[in-house]
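Descriptive analysis of the structure
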Amino acid sequence: MRSLVHIIVGARPNFMKAAPLWHALSAAEWCDLRLVHTGQHYSPEMSDVFLEEFRLPKPHYSLGVGSGSHAEQTAAVMVAYEKIAVAERPDWVVVIGDVNSTLAATLVAKKLNLRVAHLEAGLRSFDRTMPEEINRIVTDALADLLWTPSVDGDENLVREGVSPERIERVGNVMIDAFEMMRLRIEASNPLEKYGIADRKFAVVTLHRPSNVDDPARLLSLVDGILEISKRLLVVMPVHPRTRQRLITAGLIERLSLDRNMRLIEPLAYVDFMALVTRARFVVTDSGGVQEETTYLGIPCLTMRDNTERPITITEGSNLLISDASLVSAVDDVLNGPERKAGSVDLWDGRAAERIAASLHRRSSCNLR
Ligand code: UD1
């Protein structure tokens, strides 16, 4: 009998993590796959473009939940996914990362006594003001199988009382996504389009509520970004949340009118990575970008008080900064080496293979 596996995706960072796993499992004889898209992200540039680029199929189920408060969005995914989970009773529900869709699908599945596997388990910022931290803690407490990207993930889970036999360190599937697309990334040259030269520009991405939702903080960040643009050209793909907040705060034109700024729409994966790989450095609050820059040795300044990915600091090219330290950190980067070689164990482009093997192995034993 073949096992039925649901892979749940909802928001932008899920798609590139789902893709390597999807392709690894779709070659397997032992399982049937269903892609469930919650619709947490729905704009073409936040969703469809990634499905196409990564050759993911049209989702078998599109829940179309859209935006809303945390409770509205989580509840909408739960109500919609419960119907599918009841009807299909998958052998495994694979949830990814730390977004509201991850939490919602986990709650539904566990209340139906279905097995949940969490990809990217064990990451902790130890900051419970972040919605993602709440999603991580609850998902990991409930999941049957926890796939961690790095050793700190294993340690966090054990400390929280997760039994070690549920934890498997598989490495980082984001690196698989990069390796899947490497040739296309290297072949794409976006620089002419923005009038920029290799390593003579910075990429800035910011979207965390803690950075963009408070107008005073946003103003201070805009001032900081404009300081960077005095030093070199800045390309800033703007997340929908950030665009809304910049418009509401009356700040968008201060950025868009600066001649050294390129304020652009959110990019597809290949275009974004083509920019990042050629940038002098990156300023970000994204989790994935901290990992990608570590893999590539690109200096990364993370505009946050903490990170759930500490290995990108200890082993990689990441540094936590505040708006007060931004400009001096940029100057230090500009005076330092262009690239910093580093490597993290199991960030090798083969995580999806290990995950597929783990799921197969676990499918023949009863974890419940
Ligand atoms: C979500 C995740 C965050 C992840 C981020 C990546 C949670 C709690 N947060 O944050 O962890 O890093 O995705 O992008 O799950 N919007 C659009 N089009 C879209 C999606 C959103 O215009 O396709 C707008 C909506 O007006 C929405 C706002 O952006 O209100 C924020 O979207 P939401 O899904 O609530 O959270 P993100 O900030 O994207």
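A few points on the structure. Everything numeric in this text was worked out from a predicted model, so none of it was measured. (Residues numbered from 1 in each chain as written. Predicted model: local features only at pLDDT ≥ 70, side-chain atom pairs only at ≥ 80, totals over all residues. Heavy atoms only, no water.)

**Describing the site of the ligand**
Around the ligand lies a shell of 19 residues, among which Gln-40, His-41, Ser-43, Glu-132 and Arg-241 are the nearest. Taking His-41, its side chain carries an N or O atom lying 2.7 Å from an oxygen atom of the ligand. Within the complex, the protein chains bury 88% of what would otherwise be the 740 Å² of accessible surface of the ligand. Its atoms largely coinciding with the cavity grid, the ligand occupies the largest pocket. Taken together, the elements giving at least two residues each to the shell around the ligand come down to helix 3 (70–88) and helix 11 (240–248). In terms of residue count, the dominant contributor to the shell around the ligand is helix 11 (3 residues). Among the residues making up the shell around the ligand, the classes are represented as 5 nonpolar, 10 polar and 4 charged. (Near = heavy atom within 4 Å. Polar contact = N/O pair within 3.5 Å; in protein donor to acceptor, adjacent residues only side chain to side chain. Areas by Shrake-Rupley, 256 points an atom, 1.4 Å probe, with all protein chains shown as cover. 1 Å grid on protein atoms, 1.4 Å probe; cavity = no way out; pocket = protein on both sides within 12 Å on 5 of 7 lines; lining within 4 Å. Sits in = over half its atoms within 2 Å of the grid points. Helix = DSSP H or I, 4+ residues; strand = E, 2+ residues; numbered from the N terminus. Nonpolar A, V, L, I, M, F, W, Y, C, P; charged D, E, K, R; others polar.)

**Describing the side chain of Arg-309**
Mapped onto the secondary structure, Arg-309 falls in the loop between strand 12 (300–303) and helix 15 (311–314). Here Glu-291 takes part through its side chain, which lies 2.6 Å from a polar atom of the side chain of Arg-309. Those residues in contact with Arg-309, other than ones at most four positions away along the chain, are Lys-17, Glu-120, Leu-123, Gly-287, Gly-288, Gln-290 and Glu-291. (Contact = heavy atoms within 4.5 Å.)

**Some words on helix 3**
Relative to the 27 Å expected for 19 residues at 1.5 Å per residue, helix 3 spans 27 Å between its end C-alpha atoms, a close match to the ideal helical length. Maximal helix bending in helix 3 amounts to about 30°, located at Tyr-81. Buried within helix 3 are the following residues: Gln-73, Thr-74, Val-77, Tyr-81, Ile-84 and Ala-85. Residues of helix 3 that are buried sit in contact with strand 1 (3–9), strand 2 (31–37), strand 3 (61–62), strand 4 (92–96) and helix 4 (100–111). Following helix 3 by one or two positions, Arg-89 has its phi on the positive side, about 40°. (Expected span 1.5 Å × (residues − 1). Bend = angle between axes of the 7 residues up to and from the residue. Buried < 20%, exposed > 50% of the residue type's maximum accessible area, 1.4 Å probe, protein only.)

**A few points about unusual backbone geometry**
In the Ramachandran plot, Arg-55 falls in the positive-phi region, its phi being about 50° despite a non-glycine side chain. Here Arg-55 is to be found in the loop between helix 2 (48–53) and strand 3. Here Arg-55 falls in the exposed class, since its relative accessible area comes to 60%. One non-glycine residue, Asn-113, lies in the positive phi region at around 60°. Tracing the chain through its elements places Asn-113 in the loop between helix 4 and strand 5 (115–119).

**Points about the sheet that holds strand 5**
Sheets are built from strands paired through backbone hydrogen bonds, the pairs being either parallel or antiparallel. Across the sheet, 7 strands lie side by side as 3-2-1-4-5-6-7; this open sheet has parallel pairing. The two strands at the open ends of the sheet, each matched to only one other strand, are strand 3 and strand 7 (167–169). Looking at chain direction, strand 2 and strand 3 are connected through 2 bridges and run parallel. Counterpart to His-37 in the pairing with strand 3 is Ser-62. Along the sheet, helix 3 contacts strand 1, strand 2, strand 3 and strand 4; its crossing angle with strand 1, the most-contacted strand, is approximately 170°. (Pairing = 2+ DSSP bridges. Axes fitted to C-alpha atoms, helices over the stretch in contact; angles between N-to-C directions.)

By themselves these figures say nothing about function.
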